[in-house]
Amino acid sequence: LCDRLVRWYRDRRLHPDADDALRRRGENELRAGRFEQALATLEALMFRDASDRRVWKLRAFARFQLGRYAEALEDQYWIRGTFGPDRFVHREIGATLFKLGRLEDALAALERSLKIDGEHADTFRWIARAHEEAGRPTEAEAGWRACLASQPGPRMDALARNNLAWLLARQSRPGDPRLLE
C-alpha cells in the first residue's frame, strides 16, 4: 500500500492533468453509451481521488444506465450526505427510486428537487411517470403539462407531448383539444 501511495503522489505531481483527462475519458464513454468502460474509468479515477463530486455523479449515472439501481442509489445518497443537496442529486434519487418501484419515496425526492429548482423538465417527467405508474392519471397529466410549460428542449418536448397524448388516449379522450395547447 505504501508503494502505491508513493507512486500515486509522484504521478499526480508529475502529471497534474491526468485526473482531468481520465474524467473527460469517462464522460466521453458515457456519451458514447459505453457504460461498462465508463464505469471502469471512473472507478480508476476514484481510486486516485475520491473527493471529486462530478466523478461521483458520473459513476452514479453509469450505474443507473447499467440497471444497477441499488448501487446508483448508494452513490446518490453518499453525494447528498457528503456534498449537500442539489437539484441533480434529488432528481436522480427520485429516478432511481422510481426504477426500484418505490413510487412514494421517488415522488418525495422529486418534490425536494423542485423546491431547489422548480423549473426542470426532467424532474417533471419523472413526476409524471411516477404518478402514471401509481395509477393517478390526473396528477400524471399535470406533470406532463408542467414538463411542457418548463420549455424543454425539442427531444423532451416531443417525449412529453407523446406521453401526454398516450395518457389522454388511455383515458378515452383521444380528441381532447387540450392536447393542442
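Criteria and cut-off values
Residues numbered from 1 in each chain as written. Predicted model: local features only at pLDDT ≥ 70, side-chain atom pairs only at ≥ 80, totals over all residues. Heavy atoms only, no water. Helix = DSSP H or I, 4+ residues; strand = E, 2+ residues; numbered from the N terminus. Buried < 20%, exposed > 50% of the residue type's maximum accessible area, 1.4 Å probe, protein only. Contact = heavy atoms within 4.5 Å. Salt bridge = Lys/Arg side-chain N within 4 Å of Asp/Glu carboxyl O. Expected span 1.5 Å × (residues − 1). Axes fitted to C-alpha atoms, helices over the stretch in contact; angles between N-to-C directions. Parallel < 35°, antiparallel > 145°, perpendicular 65-115°, else oblique. Left-handed = near helix turned anticlockwise from the far one by under 90°. Nonpolar A, V, L, I, M, F, W, Y, C, P; charged D, E, K, R; others polar. Core = buried A, V, L, I, M, F, W, Y, C linked by side-chain atoms within 4.5 Å. Phe/Tyr/Trp six-rings, centres within 6.5 Å; stacked < 30°, edge-to-face > 60°.

Draft legend 1. Quick peek at the overall build of the protein chain. Check the secondary structure of the protein chain and you find 10 helices and zero strands. Counting over 181 residues, the protein chain shows a buried share of 40%. Contacts in the protein chain between residues at least 24 apart in sequence constitute 48% of all its contacts with a sequence separation of at least 6.

Draft legend 2. A look at the pattern of salt bridges. Under the defined criterion, the tally for this structure stands at 19 salt bridges. Note that Arg-136 is salt-bridged to Glu-104, the shortest N-O span being 3.1 Å. Taken together, the positions of Arg-136 in the loop between helix H8 (121-133) and helix H9 (137-149) and Glu-104 in helix H7 (residues 103-116) put the pair 32 residues apart, joining distant regions of the chain. The network of salt bridges with shared partners includes Glu-43, Arg-59, Arg-63, Arg-68, Glu-71 and Asp-75.

Draft legend 3. Molecular detail of helix H3 (residues 35-48). Spanning 14 residues, H3 covers 20 Å between terminal C-alpha atoms, matching the ideal 20 Å at 1.5 Å per step. Taken residue by residue, H3 has Phe-35, Ala-38, Leu-39, Thr-41, Leu-42, Leu-45, Met-46 and Arg-48 as its buried positions.

Draft legend 4. Structural detail: the packing of helix H6 (residues 87-99) against H8. At a closest axis distance of 10 Å, the pairing of H6 and H8 adopts a crossing angle of 25°. Our classification of the angle between H6 and H8 gives roughly parallel. Regarding H6 and H8, the two cross each other, and that crossing is left-handed. Between H6 and H8, the contacting residues are Arg-91, Ala-95, Phe-98 and Lys-99 on the first element and Asp-122, Thr-123, Trp-126, Arg-129, Ala-130 and Glu-133 on the second. Partitioned by chemical class, the residues of the contact of H6 with H8 number four nonpolar, one polar and five charged.

Draft legend 5. Examining the environment of Arg-59 more closely. When you line up the elements, Arg-59 lands in helix H4 (residues 53-65). Residue classification places Arg-59 among the buried positions, given a relative accessible area of 12%. Once residues within four sequence positions are removed from consideration, Arg-59 is found in contact with Leu-39, Leu-42, Glu-43, Met-46 and Asp-75.

Draft legend 6. Summary view of the nonpolar core. Within the largest apolar cluster, 42 residues are counted, with the highest numbers of intra-cluster contacts made by Leu-30, Ile-93, Leu-97, Phe-98, Trp-126, Trp-144 and Cys-147. Sequence-distant contacts of Trp-126, that is, excluding residues within four places in its chain, are made with Phe-64, Arg-91, Ala-95, Phe-98, Lys-99 and Leu-110.

Draft legend 7. View of the side chain of Lys-57. Its place among the elements puts Lys-57 in helix H4. Classification of Lys-57 by relative accessible area gives buried; the value is 13%. Beyond its immediate chain neighbours, meaning those up to four positions away, Lys-57 contacts Ile-79, Asp-86 and Phe-88.

Draft legend 8. Seen up close, the packing of aromatic side chains. Taken as a whole, this structure holds five aromatic pairs when the rule is applied. An angle of 20° between the planes, with centres 3.9 Å apart, marks the rings of Trp-56 and Trp-78 as stacked. Taken together, the residues span a long stretch of sequence, with Trp-56 in helix H4 and Trp-78 in helix H5 (residues 69-83) at a distance of 22 residues. A relative accessible area of 34% means that Trp-78 is categorised as partly exposed. Between the aromatic rings of Phe-64 and Tyr-69, the centroid separation amounts to 5.3 Å while the plane-to-plane angle is 65°, which identifies the pairing as edge-to-face. A residue is classified by how much of its surface remains accessible, and Phe-64, at 9% relative accessible area, is buried. An aromatic cluster is built from Phe-64, Tyr-69, Phe-98 and Trp-126, whose rings are joined through pairwise contacts.

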